[in-house]
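# Analysis of the macromolecular model
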Amino acid sequence: MKLLKKVEELGFLRQASISMEMSYSKAWKIIKNIEEELQIPILERYIGGAKKEVVLL
């Protein structure tokens, strides 16, 4: 999946979604759907600075 490769490359879901010209909410929905299907988290959530960020596990 291109989105996961971009997250791995750039380190953050927000940057990956921007680089793919995709809204953050759409990227988040894609990740949530994958996690629900696999029944495991694939991204680590944490609060960094002023914004909540998501990075690849």
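You'll find the structure just up there.
Position numbers for residues start from 1 in each chain and track the written sequence from start to end. At least 70 in pLDDT is required for a residue's local features to be given in this predicted model, at least 80 for side-chain atom pairs to be given and counted, and no such filter applies to totals for whole chains, interfaces and linings, which use all residues. To get the side-chain values, take all heavy atoms of the structure and skip hydrogens and water.

### Here's the deal with the overall build of the protein chain
Helices and strands together make up the secondary structure of the protein chain, namely three helices and two strands. Strands are runs of DSSP state E lasting at least two residues, helices are runs of H or I lasting at least four, and both sets are numbered from the N terminus onward. Along its sequence from the N terminus, the protein chain presents helices and strands in the succession α-α-α-β-β. Counting across all 57 residues of the protein chain, residues that qualify as buried make up 25%. Only heavy atoms matter for contacts: two residues are in contact if any of them lie within 4.5 Å across the pair. Within the protein chain, residue pairs in contact and separated by at least 24 positions form 39% of the contacts whose partners lie at least 6 positions apart. For the protein chain, the accessible area works out to roughly 4,100 Å², and carbon and sulfur atoms hold 55% of it. Throughout, exposure labels follow a simple rule: accessible area from a 1.4 Å probe, protein chains only, divided by the maximum for the residue type, with under 20% read as buried, over 50% as exposed, and the rest as partly exposed. The accessible surface values rely on the Shrake-Rupley method and a 1.4 Å probe; as for residues, cover is taken only from the protein chains in view.

### Concerning the nonpolar core
Grouped burial of nonpolar side chains is what soluble globular proteins tend to show. Leu 3, Val 7, Leu 13, Ala 16, Met 22, Ala 27, Ile 31, Ile 42 and Leu 43 together form the largest nonpolar core, which totals nine residues. Broken down by secondary-structure element, the contributors of at least two residues to this core are α1 (2-10), α2 (13-19) and α3 (24-38). As used in this record, nonpolar core signifies buried Ala, Val, Leu, Ile, Met, Phe, Trp, Tyr and Cys residues forming a set joined through side-chain atoms within 4.5 Å.

### Quick word on the packing of aromatic side chains
Stacked, tilted and edge-to-face pairs are distinguished by plane angle, under 30 degrees for stacked and over 60 for edge-to-face with tilted covering the rest, among Phe, Tyr and Trp rings (Trp via its six-membered ring) whose centres lie within 6.5 Å. Inspection of the entire model under this criterion finds zero aromatic pairs. Distance and angle both matter: a charge sits over a ring if NZ of Lys or CZ of Arg is within 6 Å of the ring centre and within 35 degrees of the ring normal. For the cation-ring pair, Arg 14 lies above Tyr 24, with the distance from its terminal atom to the ring centre recorded as 4.2 Å.

### Details of the pattern of salt bridges
Salt bridges are counted wherever a side-chain nitrogen of Lys or Arg sits within 4 Å of a carboxyl oxygen of Asp or Glu. Counted under the stated rule, the structure contains one salt bridge. Across the salt bridge formed by Glu 9 and Lys 6, the nearest N and O atoms sit 3.8 Å from each other. Within this pair, Glu 9 and its partner Lys 6 are both found in helix α1, separated by three residues, close to a single helical turn. Take Glu 9: its relative accessible area is 56%, and that puts it in the exposed class.

### Examining α3
Given the number of residues in a helix, its expected span is that number minus one, multiplied by 1.5 Å. Compared with the 21 Å implied by 1.5 Å per residue over 15 residues, the 21 Å span of α3 between its first and last C-alpha is a close match. All of the buried residues in α3 are Ala 27, Ile 31 and Glu 35. In a view along the axis of α3, the buried residues occupy a sector of 70°, so they form one face of it. Those residues of α3 that are exposed and angled more than 90 degrees off the buried face are Lys 29, Glu 36 and Glu 37. Gln 39, located one to two residues past α3, shows a positive phi value of around 60°. What the arc describes is the spread of directions from the helix axis to the C-beta atoms.

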